[in-house]
Amino acid sequence: MQLRSTGTRLATAVAVTLAVTAPAITAPPAVASAPAVASAPAVASAAVAEEATGPAVVSRDSVLLGGGPSGFLSRVVEGERRTYSWTRYEGGVTTVLPAAPYYRGNADSDVVVAVDGGIYRVYDMAAGGEPVVIDTAFLGPTATLLHPVGDALLLQTAEGTAKALHLVSRPQGEVVHRKITGLPADARIAASRITAPGLCAVSYTGTVGGRLGERLAVVDLAAAKVVEDRAVPAAIDPVSGVAATATHVAWVERLADNRAVVVTARRGSATTSRYVLPAQDRGVVIGLIDGWVTYTVPGGAAADVPNPLYPLTALSLQDNRTTVRVLDSVVRVDWRAQGALAQGGTLAKGEGFYRIALGADGRPAATMVATSKVSTALTELSRKVPGSMDFRRGGSWADVNWWLSRPGARADVELVHKRTGKRWSDSLGPYDRTGGFVTGWNGEFRNYSAALNGEYTWTLTARPDNGIGPVLKRTGTLRVDSGTAPHDYSDKGSPDLLARTRDGRLISYDVRQLRTPWITDWELTDRGGGWNAYDRLVATGDLAGSKYADLVARDRAGVLWLYPGTGPSLAKRIGVGGGWNAYDQLAAGSDLTGDGRSDLVATDRSGVLWLYKATGDTAKPFAPRKRIGGGWGGYDKLVATGNIGGGPAGDLLARDRAGVLWLHLGKGDGTFAPRTRIGGGWQRYSDIVAVGDGNKDGRPDLLVDDASSIGPDSLGFYRGTGDWKAPLTARTQLYTQGPLGELHPQLF
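Residues numbered from 1 in each chain as written. Predicted model: local features only at pLDDT ≥ 70, side-chain atom pairs only at ≥ 80, totals over all residues. Heavy atoms only, no water.

*Asks:* Any chance you could break down the overall build of the chain for me, citing the residues and the numbers?
*Replies:* Tallying secondary structure elements over the chain gives 4 helices and 58 strands in all. The C-alpha atoms of the chain give 42 Å as radius of gyration, which overshoots the globular expectation for 748 residues (27 Å, by more than 25%). Each principal axis of the C-alpha distribution contributes one length, and for the chain these read about 130 × 55 × 50 Å. Put simply, the chain has 748 residues, and 55% of those count as buried. Restricting the contact set of the chain to residue pairs at least 6 apart, pairs at least 24 apart contribute 46%. Counting every atom, the chain has about 30500 Å² of accessible surface; 50% of that belongs to carbon and sulfur. Charged side chains of the chain number 81 positive and 73 negative; the gap between the two group centres comes to 1 Å. (Helix = DSSP H or I, 4+ residues; strand = E, 2+ residues; numbered from the N terminus. Rg over C-alpha atoms; globule rule 2.2 N^0.38 Å. Buried < 20%, exposed > 50% of the residue type's maximum accessible area, 1.4 Å probe, protein only. Contact = heavy atoms within 4.5 Å. Areas by Shrake-Rupley, 256 points an atom, 1.4 Å probe, with all protein chains shown as cover. Lys, Arg positive; Asp, Glu negative; His and termini not counted. Charge placed at Lys NZ, Arg CZ, Asp CG, Glu CD.)

In structure tokens form, the structure reads like this:
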């Protein structure tokens, strides 16, 4: 191999793209070879082609590595495999490149470089042909590629603590090497950037004129020498880099509070302009385009915190005040002649690769040349929201799922019951890292009360963590249908506890809320006053055939009234008839006749038990009474529980005057099996209420109020077992609050 050091060869290598005709890589015939330095017409024609055919499509995992007048270099990583491709703007034709550890793209030509240790293969993607192989072993083991420059390589070597720059090419089979001159021997290079054709900006620390300090140099690559070198008053941020064009230089300095300052100056002038950026960040990257300096913090699309520096923003060099948002997010930017090639996104067109150039109005603008079909704004990809939810059984959950365009978001869902405005909300967490958000609802509002039946409006509100783009909102409707329950007066499929206060108001509480072990404010429903006009109030279940629970009330003249249930409330009362003051006990809520309706029983003052079979007719809710039998006068409390003993029909519980509780197991024909003793001590309870299924296990339960207890411990809960031999579990004490704990109202 010949090694020559000649300025003429180097100038030719930098100014002209190498063209060879061997068949290793064949250029698509649609476009002829393009010069290394793109002219304005070349950019314009590519833009016209893009507008005519639409942008190329790339994988969402593609990474932009560089590009030239006719196409761009990208990489996709799949596990351990890296695939490098060249894609033409016109037609989107993609060529997969030969395997190599990695490739580097040019800032402004169609040349790409395969890197394998100190061996470099230089491909001209416009002309095609076999690569030019350059071996840089002669520079020693410290040689590192900084940038491809046309068909040449800009490399850096370490010489002690200092560093040097070199240009190496191999036109026509002959290696041409030039060392960049003009840097001091002790130069410690911090950053270098090619941001304009033929120019490289270099920040370094070195000794010039006997003074050691931070400096910014501009290298003319064609001449292989420093053509401008200036001292800078503060350390240049090596992450942010430097930039140079034919007219300006730019760099970034840091204030004491870590905010970045973009500093610009005309070439050859000591006067600088300073622009303090609006946020702290050590990742600011700058560039120069005719009359504008740009700044951005790359990585905004994947960030989990907002930052006003994520967009690619152009600042006017004319007034140091006017700004233009060019991209909304940025992955990387490669500066080139009259603009840049960038990977990033806009809210209008999404993520992809963009050409940055001055528009007709003289302001920088972005034109998409390739799309990854990924939205820059947070979007909804799909959802799985059930149209109907049913919570009547224990352990019931309804999952709601949304798949968003990225996982970096805070998503909240709210359900609003249309009739009442009651709300349930939750924050959704990503269950994986693919943008899936999920939560589940167990049919309880946040105060542990049961979900109401009916229509709900759901709203998803998702806020991007990175602050890029608007808040995403989606809305829809669903229905909760948990059925009905014998003691349900709120239309939710689970029981309520009714209570009459001493001043005659009818109130109700959600039994599910009463049973929660958590301290919460109970939700009281006030159903109006005037109920002291009645000496008996009985929760009956569905008598009138509406499917909703009804209520009967006996006034002091002995007239029985029916209040038909409507689901969430009670309708206007209907007179059943007089003479009901002949009875000292009334109980309802058990289907004793096997027809699916709740029946009513009453004991007269001689101890005879009478059955009033429900008809399902509001105008005439009961069939004529039927005598069941005598001997019931020994009981001071009758409770119609529903099927608590596991038999064929509804049952009755009866407390004798000694406080013993007995089970009368219904046969389904209006009669009962011989009674079974449950246990003594029940005289302590002022109220024994058959609330129905209070714990969603499918069996009716009891709720009791301890007359001897004053304060927050009077209520108790007995879970039904479905076993007639032992139909109830041990008592569970419930925390009691509000009027229940303070006033001891009548419960039913």
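*Asks:* Got a sec to walk through unusual backbone geometry? Specific residues and values, please.
*Replies:* With phi around 60°, Ala-224 is a residue other than glycine that occupies positive phi space. Note that Ala-224 resides in the loop between strand 17 (211–220) and strand 18 (225–231). Even without being glycine, Lys-696 reaches a positive phi, approximately 60°. Secondary-structure assignment places Lys-696 in the loop between strand 54 (685–692) and strand 55 (701–706).

*Asks:* Describe the nonpolar core, with residues and values.
*Replies:* Ranked by internal contacts, the top residues of the largest apolar core, which has 25 residues, are Met-389, Trp-402, Leu-404, Trp-441 and Tyr-456. At the level of secondary structure, the elements contributing two or more residues to this core comprise strand 33 (398–404), strand 34 (409–417), strand 35 (423–430), strand 36 (436–441), strand 37 (454–464) and strand 38 (472–480). In this structure, Tyr-456 is in contact with Leu-415, Val-416, His-417, Lys-418, Trp-441, Phe-445, Ala-451, Gly-476, Thr-477, Leu-478 and Val-480, ignoring residues within four places of it in sequence. (Core = buried A, V, L, I, M, F, W, Y, C linked by side-chain atoms within 4.5 Å.)

*Asks:* Give me the lowdown on the sheet that holds strand 22 (residues 272–280), citing residues and values where you can.
*Replies:* Sheet architecture is open: 4 strands sit in the order 19-20-21-22, paired in antiparallel fashion. What marks the edges here is a single partner per strand, and that holds for strand 19 (242–244) and strand 22. Taking each pair of neighbouring strands and ignoring which way they run, the sheet shows an average axis angle of 20°. The pairing of strand 20 (residues 248–254) with strand 21 (residues 259–266) spans 7 bridges and is antiparallel. When the sheet's bridge partners are listed, Glu-253 is paired in strand 21 with Val-261. (Pairing = 2+ DSSP bridges. Axes fitted to C-alpha atoms, helices over the stretch in contact; angles between N-to-C directions.)

*Asks:* Explain the layout of surface pockets residue by residue, including any values.
*Replies:* Taken as a whole, the second largest pocket holds about 590 Å³ of empty space. For the second largest pocket, the lining is made up of 30 residues, of which Arg-60, Ala-301, Ala-302, Glu-351 and Val-374 are closest to its centre. Those elements giving two or more residues to the lining of the second largest pocket turn out to be strand 27 (329–336), strand 28 (339–346), strand 29 (350–358) and strand 30 (364–374). Counting residues per element, the lining of the second largest pocket draws most heavily on strand 29, which supplies 3 residues. Residue composition of the lining of the second largest pocket, grouped by class: 9 nonpolar, 14 polar and 7 charged. (1 Å grid on protein atoms, 1.4 Å probe; cavity = no way out; pocket = protein on both sides within 12 Å on 5 of 7 lines; lining within 4 Å. Points joined across faces, edges and corners; volume = space filled by probe spheres on them. Nonpolar A, V, L, I, M, F, W, Y, C, P; charged D, E, K, R; others polar.)

*Asks:* So, the pattern of salt bridges: which residues are in play, and what are the values?
*Replies:* For the structure shown, the criterion picks out 27 salt bridges. With a closest N to O distance of 3.6 Å, Arg-597 and Asp-595 form a salt bridge. With a relative accessible area of 28%, Asp-595 lands in the partly exposed category. Salt bridges sharing common partners tie together Glu-228, Arg-230 and Arg-267. (Salt bridge = Lys/Arg side-chain N within 4 Å of Asp/Glu carboxyl O.)

*Asks:* Talk me through the side chain of Asp-651; I want residue IDs and the actual numbers.
*Replies:* Along the chain, Asp-651 turns up in strand 51 (residues 651–656). Here Asp-651 is buried and forms no salt bridge, its nearest opposite-charge partner Arg-699 lying at an N-O distance of 11 Å. Polar contacts involving the side chain of Asp-651 include one to the main-chain amide nitrogen of Gly-645, which spans 2.8 Å. Polar contacts involving the side chain of Asp-651 include one to the main-chain amide nitrogen of Gly-666, which spans 2.8 Å. (Polar contact = N/O pair within 3.5 Å; in protein donor to acceptor, adjacent residues only side chain to side chain.)

*Asks:* Describe the packing of aromatic side chains, listing the residues and the values that go with them.
*Replies:* Taken as a whole and assessed by the stated rule, the structure comprises 23 aromatic pairs. Seen from their ring centres, Tyr-275 and Tyr-295 are 6.1 Å apart, and the 35° between their planes marks the pair as tilted. Of the two residues, Tyr-275 sits in strand 22 while Tyr-295 sits in strand 24 (residues 292–296), which places them 20 residues apart along the sequence. An identical accessibility class is assigned to Tyr-275 and Tyr-295; each is buried. With a centroid separation of 5.9 Å and 75° between ring planes, the pair formed by Trp-441 and Tyr-456 is classed as edge-to-face. Of this pair, Trp-441 sits in strand 36 while Tyr-456 sits in strand 37, placing them 15 residues apart in sequence. Here Trp-441 and Tyr-456 have matching classes, each one buried. Here the aromatic residues Phe-391, Trp-424, Trp-441, Phe-445 and Tyr-456 are joined through ring pairs into a cluster of three or more. (Phe/Tyr/Trp six-rings, centres within 6.5 Å; stacked < 30°, edge-to-face > 60°.)

*Asks:* Give me the side chain of Ser-203: which residues, what numbers.
*Replies:* As for its position among the elements, Ser-203 is in strand 16 (residues 199–208). On the basis of relative accessible area, Ser-203 is assigned to the buried category, the value being 4%. If near-sequence neighbours (up to four positions away) are discounted, Ser-203 is found in contact with Arg-188, Ile-189, Ala-190, Ala-191, Arg-215, Leu-216, Ile-236 and Val-242.

*Asks:* How would you explain the sheet that holds strand 27 if you had to name every residue and give the values?
*Replies:* Spatially, 5 strands are ordered 2-30-29-28-27 in an open sheet, and the strand pairing comes out mixed. Here the strands that pair on one side only, and so sit at the sheet edges, are strand 2 (56–57) and strand 27. Sheet topology note: the strand 27/strand 28 ladder contains 7 bridges and is antiparallel. Opposite Val-330, over in strand 28, you have Gly-344 as the bridge partner.

*Asks:* Describe the confidence of the model for the chain, listing the residues and the values that go with them.
*Replies:* Detailed reading of the predicted coordinates is not advisable wherever pLDDT falls low. In this model, the chain carries an average pLDDT of 88, and 90% of its residues clear a pLDDT of 70 or more. Confidence drops under a pLDDT of 50 for residues 1–23, and excluding neighbours within four residues, the segment shows 56 contacts in the predicted structure. The model gives residues 27–52 a pLDDT under 50, and that stretch makes 39 contacts with residues more than four places away or in other chains. (pLDDT = per-residue confidence, 0-100.)

*Asks:* Tell me about the pairing of strand 14 (residues 175–179), residues and numbers included.
*Replies:* Bridge count between strand 13 (residues 162–169) and strand 14: 4 bridges; the pairing is antiparallel. Bridge assignment links Val-168 to a residue of strand 14, and that residue is His-177. Adjacent in sequence and paired antiparallel, strand 13 and strand 14 are bridged by 5 residues, among which Gln-172 carries a positive phi angle near 55°.

*Asks:* Tell me about the environment of Ala-231, residues and numbers included.
*Replies:* Examined against the element boundaries, Ala-231 turns out to sit in strand 18. The exposure class assigned to Ala-231 is exposed, which follows from its relative accessible area of 52%. As a C-alpha pair, Ala-231 and Arg-211 span 20 residues in sequence and 9.8 Å in three-dimensional space. With residues up to four places along the chain from it excluded, the contact list for Ala-231 reads Glu-214 and Arg-215.

*Asks:* Lay out the environment of Arg-479 with the relevant residues and their values.
*Replies:* By the element assignment, Arg-479 lies in strand 38. Each C-alpha atom of the pair Arg-479 and Thr-676 lies 43 Å from the other, and the pair is 197 residues apart in sequence. For Arg-479, the residues in contact, after removing those within four places along its chain, are Gly-387, Ser-388, Met-389, Gly-454 and Glu-455.

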